[in-house]
Amino acid sequence: MRAWHGLEEVPRDRGRSVVTIGVFDGVHRGHQAIVRTAVERAGELGLPAVVVTFEPHPDAVVHGGEPPAVLTPGPRKAELLADCGADALCVLPFTAELSRLSADDFVRRVLVEGLGAAAVVVGEDFRFGHRAAGTVETLRELGEKYDFAAEGLPLVAGADTVTSTRIRAALEGGDVEGARLELGRPHRVEGVVVHGAARGRELLGFPTANLDHPAGTAVPADGVYAGRMLLRDAEPGTESAWPAAISVGTNPTFEGAARTVEGYALDRDDLALYGRPMAMEFTHRIRGQLRFDNVDELIEAMARDVDRARELAAES
């Protein structure tokens, strides 16, 4: 999949395309349905399917303050969109200037002049332009003006409508199973393995990989989880994933303050992981974070956690 950072990187001789637009953080089941529909329409027209997304999150620019926690960092988002069949990804820097464009100016500059849209596919709740004044109906009207078709798709629903906001809330509550249902896959946290306090190997008997992840990452609530550890730089055909028990929290038994994400690859003590890019996937919550009175109690609890993670891995 081709990737363009800003409209200036889009080839001038690109021709027309089918476009879908959104933040697409998480690339959840609702996003997947929209992108795949855009890919279908592109196939029908014999045109490439282009996904337009934004960095940073528009909320950080429009409302100020901290943006929402990131479910999928840029490279991971690109992978997932490519898996949906997109031909190209255009990442637009979301600036104050862009936020002030009228609906008409946004369509003309981005969709028509920038990407040569022949058709635009969005969710039925899509809003755009200054103060989010543009709706799907606005998009249809502008499509008639600028010669492109516009399609607003019903939102995907389970018990409720699938949204990135709901997924973040599930993770904040430790509900990784619920997040998994709405994402269509386990939530993962990515980073680089760094040296930690080395208690896992030297004191507790469970050597863990300490994950240094970017600030603003959506990390599940403090507790112990079952899941997987995956190397992001593994050579094709080599061992790269292991069932794991994953701890999120501050290590209160040792009066810790910093919040960490640590994974123990089940029954493995021979992995060389320091300095390597790693993803940790969360499939089940085992328990919340606890403070133990002594190290022996902690070791006993960790043994139970590992047994439960092993059971859950065998069931999946």
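Residues numbered from 1 in each chain as written. Predicted model: local features only at pLDDT ≥ 70, side-chain atom pairs only at ≥ 80, totals over all residues. Heavy atoms only, no water.

### Let's talk about the sheet that holds strand β5 (residues 117-123)
For the record, the criterion: In this description, strands pair whenever DSSP reports at least two bridges between them. For the purposes of this entry, the term helix denotes a DSSP run of H or I that reaches at least four residues, the term strand denotes a run of E that reaches at least two, and both are numbered from the N terminus. Here an axis means a line fitted to C-alpha atoms, over the contact stretch when the element is a helix, while the angle between two N-to-C directions is reported on a 0 to 180 degree scale. In this analysis, two residues are considered to be in contact whenever any of their non-hydrogen atoms come within 4.5 Å of each other.
One open sheet accounts for six strands, arranged β1-β4-β3-β2-β5-β6; its pairing is parallel. Two strands lie at the open edges of the sheet, namely β1 (2-5) and β6 (149-153), each paired on one side alone. Neighbour to neighbour, the strand axes of the sheet diverge by 20 degrees on average, direction disregarded. Inspection of the sheet shows strand β2 (residues 17-21) paired to β5 by four bridges, in the parallel sense. Within β5, the position partnered with T20 by the bridge is V121. The strands touched by helix α3 (residues 74-83) are β3 (49-55) and β4 (88-93); relative to β3, the strand with the most contacts, the crossing angle is about 160 degrees.

### So, the state of the cysteines
The criterion, for reference: Criterion for a disulfide: a pair of cysteine sulfur atoms within 2.5 Å. Here's how the labels work: a residue is buried when its accessible area is under 20% of the maximum for its type, exposed when over 50%, partly exposed in between, all with a 1.4 Å probe on protein chains only.
Inspection of every chain in the model, using the stated rule, returns zero disulfides. Unpaired in this structure, C84 has its nearest cysteine sulfur neighbour in C90, at a distance of 18 Å. Classification of C84 as buried rests on a relative accessible area of 7%. What makes C90 buried here is its relative accessible area of 0%.

### A few points about the side chain of S99
Spelled out, the test is: Identification of polar contacts relies on pairs of N or O atoms within 3.5 Å, with a donor-acceptor requirement for protein atoms, meaning one able to donate a hydrogen and the other able to accept it, and with residues adjacent in sequence counted only if both atoms are side-chain atoms.
Inspection of the secondary structure assignment puts S99 in helix α4 (residues 96-99). Only 2.7 Å separates the side chain of S99 from the backbone oxygen of A96, close enough to count as a polar contact. Residues within four places of S99 in sequence aside, it is in contact with V62, F94, G129, H130 and R131.

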